[in-house]
Amino acid sequence: MSAGDSQIVNRKSKITMAAIGRFQKGAEIFHAKVVDGELFRLRGEVFGSPSFDRKPTPRKGLRTLIPVVPSKIIAVGLNYADHARELGKPPPKEPLFWLKATTSLISDGGKIEIPFPHHRTDYEAELAIVIGRRVRNVTPAAASRYILGYTAAEDISDRTIQNSESQWARCKSFDTFTPLGPYVETKIDPHDLTVQLFQNGQLRQNSNTNQLIFNCYRLVSFISTNLTLLPGDVILTGTPGGIGPIQSGDKLEVRIQGLAPLVNQVK
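Residues numbered from 1 in each chain as written. Predicted model: local features only at pLDDT ≥ 70, side-chain atom pairs only at ≥ 80, totals over all residues. Heavy atoms only, no water.

Pairing within the open sheet is mixed, and its five strands lie in the order E9-E20-E19-E15-E16. Since the sheet does not close on itself, it has two edges, and those belong to strand E9 (111-112) and strand E16 (202-208), each with one partner. (Pairing = 2+ DSSP bridges. Helix = DSSP H or I, 4+ residues; strand = E, 2+ residues; numbered from the N terminus.)

Right, here's the structure in full:
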């Protein structure tokens, strides 16, 4: 990444982080707080009132997993005005959402697989909401109480299938089509964050969550009026303009202000 690109990512003041990750060592899987690269193991329930070890856990032999295990992934479409414009579609009057298979999840560093190389398959950088408490029929004003935090994501999409079907679950639910992580940032304001995607070091998407048609709290409220959200559920908030195709060998990096970057290779 060039110095100019670095300035784009870091142009705003540093935000205090409280990141939670999920890790594996041998057969053991655990959550830990990530502070300046060190891991402090969580004691108790991540969705309750956990405590943390005072001494860091050695990183040697650890594998970073997806940060949560959701019961469902809710994807939101056409939620940035510039993305709606590039597709030639009017902004929706209500959030448009569908479900993605949880088997599509991969962690930071995981490899994205293209099932049909002759199809057009696109990247989509997204801010993801992670639900922290069971919620049904919440107001936008109260929605933040039910959010554990936020993480980076991609909604990889087979456009050939998407353009041939009226339902979008299949084109977005292939294995490896939802990179997520690496950590959940629990103390951050989601309303003014730079969202960027770099493809092989080139800036392809560059926007800000202040351009969302429906902000994070409105999304949680609207979705919760239609279905119950459970702890660990993930909401993909939509992608900005600048979508484009991927191919084998690509390196994709999602950088969202205040979050650890999400980096994946295309197999």
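Continuing now.
Owing to its 3.6 residues per turn, the α-helix aligns residues three or four sequence positions apart on the same side. Among the residues making up helix H5 (residues 216-224), those that are buried are Cys 216, Leu 219, Val 220, Ser 221, Ile 223 and Ser 224. Where H5 begins, the side chain of Asn 215 points an oxygen toward the backbone nitrogen of Tyr 217, at a separation of 3.1 Å. (Buried < 20%, exposed > 50% of the residue type's maximum accessible area, 1.4 Å probe, protein only. Polar contact = N/O pair within 3.5 Å; in protein donor to acceptor, adjacent residues only side chain to side chain.)

Below, the discussion takes up the nonpolar core. One recurring pattern in soluble globular proteins is that nonpolar side chains are buried together. Counting 43 residues, the largest nonpolar core has Ile 129, Val 220, Leu 229, Ile 235 and Ile 256 as its most contacted members. One finds Ala 75, Trp 98, Ala 128 and Leu 180 within the second-largest nonpolar core, a separate group that totals 14 residues. (Core = buried A, V, L, I, M, F, W, Y, C linked by side-chain atoms within 4.5 Å.)

Now for the sheet that holds strand E18 (residues 244-245). Consider a sheet: its strands pair through backbone hydrogen bonds, and that pairing is either parallel or antiparallel. If you walk across this open sheet you meet the three strands as E13-E10-E18, and the pairing is antiparallel. Because the sheet does not close on itself, it has two edges, and the strands there are strand E13 (157-158) and E18. Inspection of the sheet shows strand E10 (residues 121-123) paired to E18 by two bridges, in the antiparallel sense. Bridged to Asp 122 within E18 is Pro 245.

Summing up the model confidence of the chain, the mean pLDDT is 93 and the portion of residues at 70 or higher is 94%. Note on residues 1-16: pLDDT under 50 across the span, and 24 contacts to partners over four residues away in sequence or across chains. (pLDDT = per-residue confidence, 0-100. Contact = heavy atoms within 4.5 Å.)

Attention now moves to the environment of Ile 256. The topology assignment puts Ile 256 in strand E19 (residues 251-256). Relative accessible area serves as the criterion here: at 3%, Ile 256 is assigned to the buried category. Each C-alpha atom of the pair Ile 256 and Lys 172 lies 22 Å from the other, and the pair is 84 residues apart in sequence. Not counting chain neighbours up to four residues away, the residues in contact with Ile 256 comprise Glu 126, Leu 127, Ala 152, Leu 193, Thr 194 and Val 195.

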